[in-house]
Amino acid sequence: MAAVVSTSCPDLKLIARGKVRDLYEVDEHSLLFVATDRISAFDVIMKNGITNKGKLLTEISIFWFSYLKNVLPNHLITADFEKMPAKVQQYRSQLEGRSMLVKKLRVLPIESIVRGYITGSAWSEYKKKGTVCDITLPANMQESEAFPEPLWTPSTKAEIGDHDENIHPSKAAAIIGEKHAAEMAKISVELYTKARDYAQEHGIIIADTKFEFGVDENDTLYLIDEVLTPDSSRFWPAATYKVGAGQDSFDKQYLRNYLESIGFDKSDGIALPEDVVTNTMAKYQEAYKLLTGKDAQL
């Protein structure tokens, strides 16, 4: 089976193609989020996809939307393909298993990142300045060490081909307003903490993650997009976790490591070798099984 790297649904209005998702308008109240098999790293989309990755990401998001719904409402209407409108069902071969019918909301233009452990770009900044997103941290932290408390470190949302920009939390209010910035900071940490504790009990450390939010006509906040997938989070095996070094992972870090090993210039996507495709998907599947206790139905 070939990877689905793009969808074509002429009877639906295409709103956007993101790094991973194709977004369609279904009617004035709802949208269709389609998780393709595209994969990106360093904000660059690779030339080939990871077969069935979109279906797996959809399953993981559905799991977390259900688990976290008592913390904050989410935008999911249904992921049951049989309950979707006929004009969606006519594209079954492309869309089934990788689509979510969701509420149409106003997206807040902030990537809401929560960091529980110091790694990645946070570790790089800390080594240089003793800060993360210009937040001063305790001295002498080690790589992969847990922060005393989870950090909310928002970033701007970049267009495809550009890079998201980490910003100090105080700057978020200038972009989305003080009310939403304060609410987003608080709820993001609550969502992360509940998910982190669940995952820890199931063998996964969620080192960091990215949430996105939207608001309805009453200015009510909703959790949107994907949630706590290996595409939007760093998942580490709890069994091998050790402070002071980089960690094995169930996420895109495997792909990032491969790209860095070949001197990837981070300017244009490349075709990934078959073993990298296979191994990346295997890590995603392992994460899904640990979190849910079952094999993904792909």
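Just so it is clear, the model here is predicted, and its values are computed rather than measured.

Novice: Now, about the overall build of the chain: what can you tell me, with residues and values included?
Specialist: Broken down by element type, the chain carries eight helices and 16 strands. A compact globule built from 298 residues should have a C-alpha radius of gyration of about 19 Å, and the chain, at 19 Å, falls within 12% of that. Projected onto its principal axes, the C-alpha coordinates of the chain cover approximately 60 × 50 × 40 Å. Here the chain holds 298 residues, and 50% of them are scored as buried. Taking the contacts inside the chain whose residues are at least 6 apart along the sequence as the reference set, 65% of them involve residues at least 24 apart. Entry remark: accessible area of the chain is about 13400 Å², with carbon and sulfur atoms responsible for 49%. On the chain, the mean spot of the 35 positive side-chain charges and the mean spot of the 43 negative ones are 1 Å from each other.

Novice: So what's going on with the environment of threonine 119? Residues and values would help.
Specialist: The topology assignment puts threonine 119 in the loop between strand S9 (110–117) and helix H4 (120–129). Dropping the residues within four chain positions of it, threonine 119 is found in contact with Ala207, Asp208, Arg234 and Trp236.

Novice: Tell me about the side chain of threonine 7, and please be specific about residues and values.
Specialist: Within the element layout of this structure, threonine 7 appears in the segment before strand S1 (13–17). At 2.7 Å, the side chain of threonine 7 forms a polar contact with the side chain of tyrosine 24. In this structure, threonine 7 is in contact with Arg17, Asp22, Tyr24, Val34, Gln94 and Leu95, ignoring residues within four places of it in sequence.

Novice: An account of empty space enclosed by the protein is needed here, citing residue identities and associated values.
Specialist: Counted according to the given criterion, the structure contains one cavity of 30 Å³ or more. Of the voids in this model, the largest cavity is the one considered here, and its volume is about 50 Å³. Arg21, Phe33, Val34, Ala35, Leu57, Thr58, Ser61, Met100 and Glu226 are the residues that line the largest cavity. Its residues assigned to classes, the lining of the largest cavity comprises five nonpolar, two polar and two charged.

Novice: Lay out the sheet that holds S1 with the relevant residues and their values.
Specialist: The strand order across the open sheet formed by five strands is S1-S2-S3-S7-S6, and the pairing between neighbours is antiparallel. Of all the strands in the sheet, just S1 and strand S6 (76–78) have a single pairing partner and so form its edges. For this sheet, the mean inter-axis angle between neighbouring strands, taken without regard to orientation, is 35°. Sheet topology note: the strand S3 (residues 30–35)/strand S7 (residues 99–103) ladder contains five bridges and is antiparallel. What sits directly across from leucine 31, in S7, is valine 102. Those strands touched by helix H1 (residues 53–68) are strand S2 (21–27), S3, S6 and S7, and its axis lies near 45° from that of S7.

Novice: Quick one: what's the story with the packing of helix H7 (residues 253–261) against helix H8 (residues 274–292), residue by residue and with numbers?
Specialist: One way to put it is that H7 packs onto H8 with a least axis distance of 9 Å and a crossing angle of 155°. Viewed along their axes, H7 and H8 adopt a mutual orientation that is roughly antiparallel. Taken together, the residues of H8 that come into contact with H7 (itself represented by Tyr254, Leu255 and Tyr258) are Asp275, Val276, Asn279, Thr280 and Lys283.

Novice: Would you mind going over the pairing of strand S14 (residues 204–215) in detail, with residue names and values included?
Specialist: Most of S14 is tucked away, with 12 of its 12 residues classed as buried. Judged from the two bridges that link them, strand S8 (residues 106–107) and S14 form a sheet pairing that is antiparallel. Its bridge partner being in S14, arginine 106 is matched across the sheet by valine 215. Where S9 lies against S14, four bridges are found, and the strand directions are antiparallel. Within the sheet, the bridge partner assigned to serine 112 lies in S14 and is phenylalanine 211. Both S14 and strand S16 (residues 233–237) contribute to a ladder of five bridges, which runs antiparallel. Across the sheet, residue isoleucine 205 finds its bridge partner in S16, namely tryptophan 236. Across four bridges, the pairing between S14 and strand S15 (residues 221–224) is antiparallel. Paired with glutamate 212 across the bridge in S15 is isoleucine 224.

Rules and cut-offs
- Residues numbered from 1 in each chain as written.
- Predicted model: local features only at pLDDT ≥ 70, side-chain atom pairs only at ≥ 80, totals over all residues.
- Heavy atoms only, no water.
- Helix = DSSP H or I, 4+ residues; strand = E, 2+ residues; numbered from the N terminus.
- Rg over C-alpha atoms; globule rule 2.2 N^0.38 Å.
- Buried < 20%, exposed > 50% of the residue type's maximum accessible area, 1.4 Å probe, protein only.
- Contact = heavy atoms within 4.5 Å.
- Areas by Shrake-Rupley, 256 points an atom, 1.4 Å probe, with all protein chains shown as cover.
- Lys, Arg positive; Asp, Glu negative; His and termini not counted.
- Charge placed at Lys NZ, Arg CZ, Asp CG, Glu CD.
- Polar contact = N/O pair within 3.5 Å; in protein donor to acceptor, adjacent residues only side chain to side chain.
- 1 Å grid on protein atoms, 1.4 Å probe; cavity = no way out; pocket = protein on both sides within 12 Å on 5 of 7 lines; lining within 4 Å.
- Points joined across faces, edges and corners; volume = space filled by probe spheres on them.
- Nonpolar A, V, L, I, M, F, W, Y, C, P; charged D, E, K, R; others polar.
- Pairing = 2+ DSSP bridges.
- Axes fitted to C-alpha atoms, helices over the stretch in contact; angles between N-to-C directions.
- Parallel < 35°, antiparallel > 145°, perpendicular 65-115°, else oblique.

That's the geometry; what it means functionally is another story.
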